[in-house]
Amino acid sequence: TEAMMGGFAASRMLELQAPKMLARDFEGKIESRLHHKDIRIVLDLARSLGIELPASMAAAAVLETLQHRGGARQDSAAIFTVLDSARAPHVGPDV
């Protein structure tokens, strides 16, 4: 986290969400169901205007998976659990 906060990846959102992700503390502050609803509204509007938003579509898919896993009332930082479970399993010694 410190390395990211010292570079171009630094952001207020990372500053707020990274500690929750590292601690796996996803008690609802801003529930993911609200972000899920909002991004669906944005995507519907974009679709009606003929605009593609691939990054937003990817974010919506992660939020959708979180909702299906019962994370609707968890903080949006809980998207970390979806992303973490999707990564390739670690093989070999830590370097």
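None of the values given here were measured: they were computed from a predicted structure. (Residues numbered from 1 in each chain as written. Predicted model: local features only at pLDDT ≥ 70, side-chain atom pairs only at ≥ 80, totals over all residues. Heavy atoms only, no water.)

*Asks:* Before we go on, may I ask you to explain the side chain of glutamine 67 in this structure?
*Replies:* Its location among the elements puts glutamine 67 in helix α4 (residues 54-68). Setting aside residues up to four positions removed in sequence, glutamine 67 forms contacts with Ser32, Arg33, His36 and Ala72. (Helix = DSSP H or I, 4+ residues; strand = E, 2+ residues; numbered from the N terminus. Contact = heavy atoms within 4.5 Å.)

*Asks:* Mind showing me how you'd approach the packing of α4 against helix α5 (residues 79-86) here?
*Replies:* The angle between the axes and the distance between the axes are what describe a pair of packed helices. Contact geometry for α4 and α5: axes closest at 9 Å, N-to-C directions at 100°. Considering the angle they form, α4 stands roughly perpendicular to α5. The residues of α5 that touch α4, namely those facing Val62, Leu63, Thr65 and Leu66, are Ile79, Thr81, Val82 and Leu83. Partitioned by chemical class, the residues of the contact of α4 with α5 number six nonpolar, two polar and no charged. (Axes fitted to C-alpha atoms, helices over the stretch in contact; angles between N-to-C directions. Parallel < 35°, antiparallel > 145°, perpendicular 65-115°, else oblique. Nonpolar A, V, L, I, M, F, W, Y, C, P; charged D, E, K, R; others polar.)

*Asks:* I would appreciate a short explanation of the side chain of histidine 36 in the present structure.
*Replies:* Checked against the element boundaries, histidine 36 lands in helix α3 (residues 32-48). Here histidine 36 falls in the buried class, since its relative accessible area comes to 7%. Excluding its chain neighbours within four sequence positions, the residues that come into contact with histidine 36 are Ala60, Leu63, Glu64 and Gln67. (Buried < 20%, exposed > 50% of the residue type's maximum accessible area, 1.4 Å probe, protein only.)

*Asks:* What exactly am I supposed to notice about the layout of surface pockets here?
*Replies:* Rolled over the atoms, a probe as big as a water molecule pinpoints where empty space is left. Here the largest pocket is characterised by a volume of approximately 200 Å³. Lining the largest pocket are eleven residues, and of these Gln17, His35, Ser76, Ala77 and Ile79 lie nearest its centre. Where the lining of the largest pocket is concerned, the elements lending two or more residues are α2 (12-23), α4 and α5. Grouping the amino acids of the lining of the largest pocket by side-chain chemistry returns eight nonpolar, three polar and no charged. (1 Å grid on protein atoms, 1.4 Å probe; cavity = no way out; pocket = protein on both sides within 12 Å on 5 of 7 lines; lining within 4 Å. Points joined across faces, edges and corners; volume = space filled by probe spheres on them.)

*Asks:* Help me out: how do you make sense of the environment of valine 42 in this one?
*Replies:* Counting through the fold element by element, valine 42 comes out in helix α3. In this structure, the C-alpha to C-alpha distance between valine 42 and leucine 53, residues eleven residues apart in sequence, is 9.2 Å.

*Asks:* Looking at this structure, I do not really get the pattern of salt bridges. What am I missing?
*Replies:* Side chains that differ in sign of charge can pair as their charged atoms come close. Throughout the structure, instances matching the rule amount to four salt bridges. A salt bridge links arginine 33 to glutamate 31; the nearest nitrogen and oxygen atoms lie 2.5 Å apart. Of the residues examined, glutamate 31 reaches a relative accessible area of 18% and is grouped as buried. The salt bridge partner of glutamate 31 is arginine 73, with a shortest N-O separation of 3.1 Å. Taken as a pair, glutamate 31 in the loop between α2 and α3 and arginine 73 in the loop between α4 and α5 lie far apart in primary sequence, 42 residues in all. Residue classification places arginine 73 among the exposed residues on the basis of a relative accessible area of 53%. Connected via shared salt-bridge partners are Glu31, Arg33 and Arg73. (Salt bridge = Lys/Arg side-chain N within 4 Å of Asp/Glu carboxyl O.)

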